[in-house]
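# Observations on the model geometry
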Amino acid sequence: MRIFASVLLQCVFTELVCPSGEEGSCVAPAAPHDAPSDPKASVYMREDTRQKKAGAHITRMETPTLETNSSMMGDQEDAGLVAWDMWAVAFVMIVVATLRHDPQCPDNKMYVAVCGSVSMGALVAHPFLDQSVINPVMLGCLAFVSAPLCMKLQNGKAILRVPEVPVMKAGKEFHTRQPQAPSPSAKPHNIATYNVAISNAAKTGELPRAEQLFSEMSGAGIEPTVVTFNAVLDAAARTADSAKADQWLQKLVAHPTLSPDVVSFNAAISSAAKVGKVDKARDFLTLMKKHKVKPDVISYASVIDACSKGGSADEAAHWLEEMTKDGVEPNVIAYSSVISAYARTGNVAGAERCVRAMAQRGLEPDLICYNSVINACAKVGDADKAEAILQTMRKHNVSCNVVTYNAVINACAKASDVLRAERWLQDMEKASIPPDVISYNAVIDACAKVGNCDKAERYVAKMVGAGLSPSIVSYNTVVNCCAKTGQLPRAEQWLNRMQRQGVKPDVVTFGILIDACARTHSLEKAEKLLDMMTKEGVEANVVSFNALINACAKSGDVGKAEQWLDRMEKLGASPDTISFNAVINACAKAGQAARAEHWLQQMLRRSIPADMISYNAVIDACAKVGDVQRSLKWLETMIQESIAPNVVTFNSVINSCAKSGDAGGAQKAMQQMRKAGIEPNVVSYSALINSCVKGGDKAAAMGHFKDMKAVGIRPDVVTYCTVANLHAKQGDWREVEQFMDQLVQDGLKMNEYCFAALLGAYAAASPRQGDAAERAFQDMVRSGLQPNRIVVGSLLRACGRPRAQQLCASLGVDLDAAADRGPPQRRPNDRNSNNNYGTRRQQQQQGSRTDWGPRSGGRW
């Protein structure tokens, strides 16, 4: 090692004293032929005789050959003298470099590097340094790094001047070896230089180059060492090629004289950990123990990291526990990986548990640990806890960075708390931490979640004002905000703006806009967007097509939905369950039960998994046409396919029975529902009561009405209207009035169906209740509801045409136009309609009431 320090000092001395590059100016006299020589105790570098070609200096250098021998070292006293001399020379060299400093000279950086090399060499030669910690590989790496330091730019050409290198003999005499012409195909020719070359290839991620050098070495008859194998394994680890790592580890295991060490196995584990291959990392650790190699903290930390990247938080915690049982003390890195694993799944409690465990072991959580816990809070939108952890960081003097603040702002955004997100952005700026694009995107996301498009747009402007360029995420968030608030033209303006700014829309951008078109029933515009998508070179994916098919379904255009499903396949996108469900739903909405069944059968034939929504849509389609047997058949098929029906499924079956007046079948379906462990809701009872009404069984209908109230299910508008119609047909207007009063007292609003039932009762009464019918009609019009032919027909029967015409004229109602107006279609939140793409299904499952219209006041 001291010899190498001498080499470094001589190189630097030559570079500083002889900068002109003149031949022979720095070459020491040749050693006499009778000088003692020992090839095993030499450190030498060869230099070509400089040749002048076209006025340029051309120099070639062989890779240095390094050989060491303990006889080179001499006794401690002499080595100490040599070392102190080197310190003195190093000091002189630094002074010379300073004196030669010229701001116009292009060599300044080189001299700084050379002086650093001198200091390193002097340190290596220090007599009090424990030389046992420096192995031949470190020495080779130092030689490989230091050799280019003699490179200097002259006349715009790169000149490599490797001076004569002194050779220290055991007799403490310095001699020089005359430069020799190298072979044109000079290659490393001993184990140390090959190890250095392979190690360098590994550091630059050149696995094929590392393998090639290994092959050359074997071809040259040089036996590899464990260090050689480890260098190739390191290359595999750096490129995350676990298959290659496994291959080279097996080669090392199969070697007749070598055995893998902890470094070998750690490199293999790391190769699997980098890509989250938990099973592979675990196998390497198991093999490690099998070969009696004790895992260290790096081994376990790498396995834990693999679990973290693979999203297996519990397994990461398990290996942390195993690590402790094996007598290996966990470090901060190991705990950080477990905390990160919990953070990925939003498990705040698990992350905090790890932090407490760290404290119990006397380990201080670092910035990464705290940031991971805050990220876990952000995942679940726990802004309070995220803020509390940041305050804890400040209390323990752990400096926050941009990642910390971004995580807290993101937690506020997830909680839809715009004001807090804005406050933390301001706090970030006060702390002299410039917000980045991610910071602004988090605040924009918070604004988008509450539908505040104006504020979201202002923060995009602030981002630009801060010198930052909005990303595709920034634009997509604003576009989504506009689309979700029903501002499709505004969303399209942002699409045009991002294109003007040179930001190319992606599949997410177009997906948002197409979905917005679906919600506004703008089918033609959705199709144009898909064409624009193709022209922009953005490949439409299954999500894009699903949004378009859904637009067709919501527009009630079954033919278009089927056409796009077919075109989707022709364009190379494979339809999935959602694609078919959209088409089936379109058929169900249109009451085309046969087509709905056809597409469900197509799904099953193509082995595309049908889910609960698929079957529910088909059963609902059958229910709409009152086909009880087909509804029951698909219910049985659903159960046979191990798809558990839900309350929506049974409600559709009961509704199909109600359509056909099959009260017995409805009652049987209700019993099946309870047997399946599903509690009936308001929709279930309303459909059951309707089946009794259709069958004319007044007693059974009233019995079910009382039953639902007894079990704590409050009737909704549909239920009241259903029971009221039963009494209205019999002209029992007092009972109908009582039901309407109860409806209002329950906080519900009367709609057109309620007034139709009330007027129908007055018209069917004996004698007819014309005055009451007139008052009810006035209340209906004044509440903003439009009369339809059912209401007008009941009014005409109750009051007669002359009186009805006079009443309509006084209220500004066109009687003839109202008589031609059909009953209102079911609204999007009609819970009896089985649309599985909106909030209706949630209302069905939760049994929530539906607001049908303004409340009417009092008795008529």
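These figures come from a predicted structure and were not determined experimentally. (Residues numbered from 1 in each chain as written. Predicted model: local features only at pLDDT ≥ 70, side-chain atom pairs only at ≥ 80, totals over all residues. Heavy atoms only, no water.)

Helices and strands together make up the secondary structure of the protein chain, namely 42 helices and eight strands. Looking at the protein chain as a whole, 50% of its 860 residues qualify as buried. Sequence-distant contacts, at least 24 apart, represent 66% of the contacts inside the protein chain between residues at least 6 apart. Element-wise, carbon and sulfur atoms account for 52% of the exposed surface of the protein chain, whose accessible area totals about 39600 Å². (Helix = DSSP H or I, 4+ residues; strand = E, 2+ residues; numbered from the N terminus. Buried < 20%, exposed > 50% of the residue type's maximum accessible area, 1.4 Å probe, protein only. Contact = heavy atoms within 4.5 Å. Areas by Shrake-Rupley, 256 points an atom, 1.4 Å probe, with all protein chains shown as cover.)

Now for the pattern of salt bridges. Tallied over the entire structure, the rule returns 33 salt bridges. Between Lys 244 and Glu 211 there is a salt bridge, and its shortest N-O distance comes to 3.3 Å. Highlighted residues: Lys 244 in helix α8 (residues 242-254) and Glu 211 in helix α6 (residues 207-219), separated in sequence by 33 residues. For Lys 244, a relative accessible area of 26% translates into the label partly exposed. By relative accessible area, which is 17% here, Glu 211 ends up buried. Lys 525 is paired through a salt bridge with Glu 492; the nearest N and O atoms lie 3.6 Å apart. One end of the pair, Lys 525, is in helix α24 (residues 523-535); the other, Glu 492, is in helix α22 (residues 488-500), and 33 residues separate them in sequence. By relative accessible area, which is 32% here, Lys 525 ends up partly exposed. Salt bridges sharing common partners tie together Asp 384, Glu 387, Asp 417, Arg 420 and Arg 423. (Salt bridge = Lys/Arg side-chain N within 4 Å of Asp/Glu carboxyl O.)

So, about helix α25 (residues 542-554). Since the α-helix advances by 3.6 residues per turn, residues separated by three or four positions end up pointing in the same direction. Taking 1.5 Å of rise per residue, the 13 residues of α25 would be expected to cover 18 Å, and the 18 Å separating its terminal C-alpha atoms lies within 8% of that figure. For α25, the full list of buried residues reads Ser 544, Phe 545, Asn 546, Ala 547, Leu 548, Ile 549, Asn 550, Ala 551, Cys 552 and Ala 553. Summarising the contacts, the buried residues of α25 are in contact with α23 (507-519), α24, α26 (558-570) and α27 (577-589). With its phi angle positive at about 75°, Gly 556 sits one or two positions after the end of α25. (Expected span 1.5 Å × (residues − 1).)

What follows covers the packing of aromatic side chains. Enumeration over the complete set of coordinates arrives at twelve aromatic pairs. Between Phe 545 and Trp 564, the ring centres sit 6.4 Å apart and the planes meet at 45°, which makes this aromatic pair tilted. With Phe 545 in helix α25 and Trp 564 in helix α26, this pair connects stretches of sequence that are 19 residues apart. Between the aromatic rings of Phe 705 and Tyr 720, the centroid separation amounts to 6.0 Å while the plane-to-plane angle is 65°, which identifies the pairing as edge-to-face. (Phe/Tyr/Trp six-rings, centres within 6.5 Å; stacked < 30°, edge-to-face > 60°.)

Residue position: Thr 719 is located in helix α35 (residues 717-728). When its relative accessible area of 0% is taken as the criterion, Thr 719 is described as buried. There is a polar contact of 2.5 Å between the side chain of Thr 719 and the side chain of Ser 686. (Polar contact = N/O pair within 3.5 Å; in protein donor to acceptor, adjacent residues only side chain to side chain.)

This brings us to unusual backbone geometry. For the peptide bond that leads from Ser 766 to Pro 767, omega is 0°, which places it in the cis range. Here Pro 767 lies in the loop between α37 (752-764) and α38 (770-782). Although it is not a glycine, Ala 240 adopts a positive phi angle of roughly 55°. Its location among the elements puts Ala 240 in the loop between α7 (226-238) and α8. Overall, Ala 240 belongs to the partly exposed group, its relative accessible area being 22%. One non-glycine residue, Ser 607, lies in the positive phi region at around 60°. Structurally, Ser 607 is set in the loop between α28 (593-605) and α29 (612-624).

Turning our attention to α35. Compared with an ideal rise of 1.5 Å per residue, which puts twelve residues at 16 Å, α35 spans 16 Å between its outermost C-alpha atoms and is within 8% of the ideal. Among the residues of α35, Val 717, Val 718, Thr 719, Tyr 720, Cys 721, Thr 722, Val 723, Ala 724, Leu 726, His 727 and Ala 728 are the ones counted as buried. Of the surrounding elements, those touching the buried residues of α35 are α33 (682-694), α34 (698-710), α36 (733-745) and α37. The N-capping residue of α35, defined by a side-chain oxygen 3.2 Å from the backbone nitrogen of Val 718, is Asp 716.

Among the structural elements, Asn 401 can be located in the loop between α16 (383-395) and α17 (402-414). For Asn 401, a relative accessible area of 24% gives the class partly exposed. Distance in space between the C-alpha atoms of Asn 401 and Ser 432 is 10.0 Å, their sequence separation being 31 residues. Dropping the residues within four chain positions of it, Asn 401 is found in contact with Leu 367, Asn 371 and Ile 433.

Turning our attention to the side chain of Ser 264. Mapped onto the elements, Ser 264 comes out in helix α9 (residues 262-273). There is a polar contact of 2.8 Å between the side chain of Ser 264 and the side chain of Asp 261. In this structure Ser 264 touches Val 226, Asn 230, Leu 233, Leu 249 and Leu 252, once residues within four positions along its chain are discounted.

Take the environment of Leu 795 next. Locating Leu 795 in the fold gives a position in helix α39 (residues 789-799). Classification of Leu 795 by relative accessible area gives buried; the value is 0%. Residues Leu 795 and Ala 756 lie 39 residues apart in sequence; the distance between their C-alpha atoms is 9.2 Å. Leu 795 has contacts with Ala 773, Phe 777, Gly 800, Ala 804 and Leu 807, leaving out every residue within four places of it along the chain.

As a further point, take the packing of helix α31 (residues 647-659) against α33. It is at 8 Å that the axes of α31 and α33 come closest, and there the two elements cross at 10°. By the criterion of interaxial angle, the relationship of α31 to α33 is roughly parallel. Facing Val 647, Asn 651, Ile 654, Asn 655, Cys 657, Ala 658 and Lys 659 of α31, the residues of α33 in contact are Val 683, Ser 684, Ala 687, Leu 688, Asn 690, Ser 691 and Lys 694. Residue classes in the contact of α31 with α33 are distributed as seven nonpolar, five polar and two charged. (Axes fitted to C-alpha atoms, helices over the stretch in contact; angles between N-to-C directions. Parallel < 35°, antiparallel > 145°, perpendicular 65-115°, else oblique. Nonpolar A, V, L, I, M, F, W, Y, C, P; charged D, E, K, R; others polar.)

The next thing to look at is the confidence of the model for the protein chain. When pLDDT is averaged across the protein chain, the result is 76; 74% of the residues are at 70 or more. Residue range residues 1-120 is modelled with pLDDT below 50. Its contacts to residues more than four positions away, or to other chains, number 195 contacts. Every residue in residues 827-860 scores below 50 in pLDDT, and together they form 104 contacts with partners more than four places removed in sequence or on other chains. (pLDDT = per-residue confidence, 0-100.)

This brings us to the packing of α7 against α8. The axes of two packed helices give the description: the angle between them and the distance between them. Running from N to C, α7 and α8 point in directions that differ by 165°, and their axes come no closer than 8 Å. Here α7 lies roughly antiparallel to α8, going by the angle between them. Crossing angle aside, the handedness with which α7 passes α8 is left-handed. Taking contact as the criterion, the partners of Phe 229, Asn 230, Val 232, Leu 233 and Ala 236 in α7 are, on α8, Lys 244, Ala 245, Trp 248, Leu 249, Lys 251 and Leu 252. Grouping the constituent residues of the contact of α7 with α8 by class yields eight nonpolar, one polar and two charged. (Left-handed = near helix turned anticlockwise from the far one by under 90°.)

Counted under the stated rule, the structure contains zero disulfides. No disulfide involves Cys 354; its sulfur sits 9.0 Å from that of Cys 369, the nearest cysteine. Cys 354 gets classed as buried once you look at its relative accessible area, which sits at 7%. (Disulfide = S-S within 2.5 Å.)

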